[in-house]
Amino acid sequence: MDGKPQCGSGEEVGEYDLPLHVAGLFMVLAASIFGAGFPVVAKKVKWVKVPTSVFFACKHFGTGVLIATAFVHLLPVAFGNLTDPCLPDLFTTQYPAMPGVIMMGSMFCLFVLEMYLNAKMGGHSHGGATGFETSAPPLPPPSPKPAYQHTHAPNHKRAPSRPPRYTAYSEFEIEDMDYEKKMAQKLYGEKMDAYARSDNPFDDVDELEVRSEMPPWFVVFYEQYVRQRLEMVNLIKSSHVALKREQQQQYADAEKRMSMLAPPPSLADSPYIDVETGQPVDPAVFRKMSMNITLLEGGILFHSVFVGMTISITIDGFVILLVAILFHQMFEGLGLGSRIAAVPYKQGSLRPWILVVAFGCTCPIGQAIGLIVKDSYDPNSAFGLIIVGVFNAISSGLLLYASLVDLLAEDFLSEEADRTLTKKQKRDAFMWVLLGAVGMSVVGAFA
């Protein structure tokens, strides 16, 4: 035809050592359960005293492991299998980017699922380290207005009333200033009218009465007093506004600190308790964390089944592959287990232990399947290449989204991270992430 190579492994190399492969199954089971179970035991079992710094390191080391798993272990296998020259032209020449499209599709599916579940459970910002949100503190009640009232006969000329006395900043009100201005303007207008009517303003009897009550020198003094008093009132009010704003900010900061120390009343009965802080966790936050860890484990489990099958059907170089897979499963389990341990399940819940056992058993189940079908299953057949390539592409998309968005970005770029981690802690955490990625990349050279 067109010279396309035939799919298949060709001749078998060496003799199949069944006891060694069976022993390898139990070794992988032990390494997987230990890797995933250690962080959970350290968090959930009270009598196990593990320093918080160890758990901190495991958590971020595991994030690097999961990222490297997607980039180093899954993607290359997906592209290698689906672009094998023996496959149909659709995979090799017409559209060699098929693995990338499958990976992208799985990422979008996971994003749509998260978006739907967030909308269904009620959108919320990621709360603090305790998992609850703080509401804005109420503003202090406004100060009461003074009860001072101005009463004077409209047609009777009298000396201005004595200015009111004040006992607090808040009692300097606009009404008082307007009153003082009007009184000063009235006095000035009356004086000008009197001089306009006569050269001698004391010819009028009423004016004489006013002058008898308030001498000219006092009118000048009083007008100056009103003007200076208004300037002082404006100065005091402007400083009072700044002082009040500062007091409100201090009040808000104090409320925020108090809310971080004690959960709001609505969370008092929450059955979900953060094992690190002992504080109740918002059920919506718990549901989101639980969903994230389920999707994360789902992406890992597909991959683990095919890893197990690969171990069981390998003959040449089996020991080197087995050692590499032991480190692979231990590192991967450490990353997954640290995230399982961070989810605030109910007291006595079996869910975290089920997730640990599920991860621990998945790769050995793949090994068992490989032992059963070792004589009939050929990983280099067209069927084997397409199945492994498609599922690795799907798993890489799920794992990339979960590790980069739900783990790495949440740990370093979220508001919670800015509030709970210092710059030094962020640097240390990122170094552990890099160390985990480098370690898993080295393992990828052998497995």
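Source: prediction; values computed, not measured. Throughout, a residue's number is its position along its own chain's written sequence, starting from 1. Whole-chain, interface and lining totals are the exception, using all residues; otherwise, since this is a predicted model, local features are given only for residues with pLDDT of at least 70 and side-chain atom pairs are given and counted only at 80 or more. Side-chain metrics rest on all non-hydrogen atoms present in the structure, leaving aside hydrogens and water.

J.: If you had to explain the overall build of the protein to someone new, which residues and values would you point to?
T.: Helix and strand counts for the protein come out as 13 helices and zero strands. The secondary structure elements of the protein, listed N-terminal to C-terminal, are α-α-α-α-α-α-α-α-α-α-α-α-α. Between buried and exposed lies partly exposed: a residue is buried under 20% and exposed over 50% of the maximum accessible area for its type, with that area taken using a 1.4 Å probe on protein chains only. A burial count over the protein gives 39% of its 447 residues as buried. Contacts in the protein between residues at least 24 apart in sequence constitute 81% of all its contacts with a sequence separation of at least 6. When the accessible surface of the protein is split by element, carbon and sulfur atoms take 65% of a total near 25000 Å². A run of DSSP states H or I qualifies as a helix once it reaches four residues; a run of E qualifies as a strand once it reaches two. Both are numbered from the N-terminal end. The contact definition used throughout considers only heavy atoms, calling two residues in contact when any of these lie within 4.5 Å. Calculation of accessible area relied on Shrake-Rupley with a 1.4 Å probe; when residues are assessed, cover is drawn exclusively from the protein chains displayed.

J.: Run through the packing of helix α1 (residues 18–44) against helix α10 (residues 351–373), naming residues and quoting values.
T.: Between α1 and α10, whose axes approach to 9 Å, the crossing angle comes to 170°. Relative to α10, α1 is oriented roughly antiparallel. In terms of crossing hand, the pair formed by α1 and α10 is right-handed. Here an axis means a line fitted to C-alpha atoms, over the contact stretch when the element is a helix, while the angle between two N-to-C directions is reported on a 0 to 180 degree scale. When describing relative orientation, an angle under 35 degrees is termed roughly parallel and one over 145 degrees roughly antiparallel, while 65 to 115 degrees is termed roughly perpendicular and anything else oblique. Here a crossing is taken to be left-handed if its near helix is turned anticlockwise relative to the far helix by less than a right angle, and right-handed if that turn runs clockwise.

J.: Can you break down the pattern of salt bridges residue by residue, with the values?
T.: The salt bridge definition used is simple: a Lys or Arg side-chain nitrogen within 4 Å of an Asp or Glu carboxyl oxygen. Throughout the structure, instances matching the rule amount to three salt bridges. A salt bridge links D411 to R339; the nearest nitrogen and oxygen atoms lie 2.5 Å apart. In this pair, D411 sits in helix α11 (residues 382–412) while R339 sits in helix α9 (residues 318–342), placing the two residues 72 residues apart along the sequence. R339 matches D411 in its accessibility class, with the two residues each being buried. D418 is paired through a salt bridge with K426; the nearest N and O atoms lie 2.7 Å apart.

J.: Explain the state of the cysteines to me, using residue names and the numbers behind them.
T.: Two cysteine sulfurs form a disulfide in these notes if their separation is within 2.5 Å. Per the stated rule, a full pass over the model turns up one disulfide. The residue that forms a disulfide with C7 is C86, at a sulfur-sulfur distance of 1.8 Å. Negative torsions about the S-S bond denote left-handed disulfides, and the value of about 100° found for C7 with C86 makes this one right-handed. One end of the pair, C7, is in the segment before α1; the other, C86, is in the loop between α2 (52–82) and α3 (89–94), with 79 residues separating them in the sequence. Here C86 falls in the buried class, since its relative accessible area comes to 10%.

J.: Please set out the confidence of the model for the protein residue by residue, giving values where relevant.
T.: What pLDDT expresses is the predictor's confidence in each residue, scored from 0 to 100. With 70% of its residues at a pLDDT of at least 70, the protein reaches an overall mean of 75. Scored below 50 in pLDDT, residues 123–157 makes 58 contacts in the model with residues more than four places away or belonging to other chains. Confidence drops under pLDDT 50 across residues 201–205; counting only partners more than four residues distant or on other chains, this segment forms seven contacts.

J.: Give me the lowdown on the environment of C363, citing residues and values where you can.
T.: In this structure, C363 sits in helix α10. For C363, a relative accessible area of 0% gives the class buried. Sequence spacing of C363 and V307 is 56 residues, and the spatial spacing of their C-alpha atoms is 6.5 Å. Among residues more than four places away in sequence, those in contact with C363 are V28, S304, V307, G308, I311 and Q329.

J.: Describe the nonpolar core, naming the residues involved and giving the relevant values.
T.: Residue types Ala, Val, Leu, Ile, Met, Phe, Trp, Tyr and Cys, when buried and joined through side-chain atoms within 4.5 Å, form a set referred to as a nonpolar core. Membership of the largest hydrophobic core comes to 24 residues, with the highest contact counts inside it found for I293, L296, I300, L336, I340, Y345 and L399. Counting only elements with at least two residues in this core, the list comes to α1, α2, α8 (283–312), α9, α10 and α11. Considering every element that reaches this core, the biggest residue donor is α2, with five residues. With residues up to four places along the chain from it excluded, the contact list for Y345 reads K44, F286, S290, I293, I340, R351, P352 and L355. One finds V28, I311, L321 and L322 within the second-largest nonpolar core, a separate group that totals ten residues.

J.: Just give me the short version of the side chain of T63, but keep the residues and values in it.
T.: Structurally, T63 is set in helix α2. Throughout this description, a polar contact denotes any pair of N or O atoms lying within 3.5 Å of each other; where both atoms belong to protein, one of them has to be capable of donating a hydrogen while the other can accept it, and for residues adjacent in sequence the pair is counted only when both atoms sit in side chains. In this structure the side chain of T63 is engaged in a polar contact, spanning 3.2 Å, whose partner is the backbone oxygen of K59. A distance of 2.5 Å separates polar atoms of two side chains, one belonging to T63 and the other to R339. In contact with T63, not counting residues within four places along its chain, are R339, S403, L407, L408, D411 and V433.

J.: Report on a nonpolar patch on the surface, specifying residues and quantitative values.
T.: A cluster of nonpolar side chains, L90, Y95, V101, M104 and F108, forms an exposed patch at the surface whose accessible area comes to about 450 Å². By residue number, the principal contributor to the nonpolar patch is helix α4 (residues 98–121), which donates three residues. With respect to the helices, strands and loops of the structure, L90 is situated in helix α3. You can call L90 partly exposed: its relative accessible area is 39%. Patches were defined on residues exceeding 30% relative accessible area and lacking a salt bridge, with like-charge contacts within 9 Å and nonpolar side-chain contacts (Val, Leu, Ile, Met, Phe, Trp, Tyr) within 5 Å.

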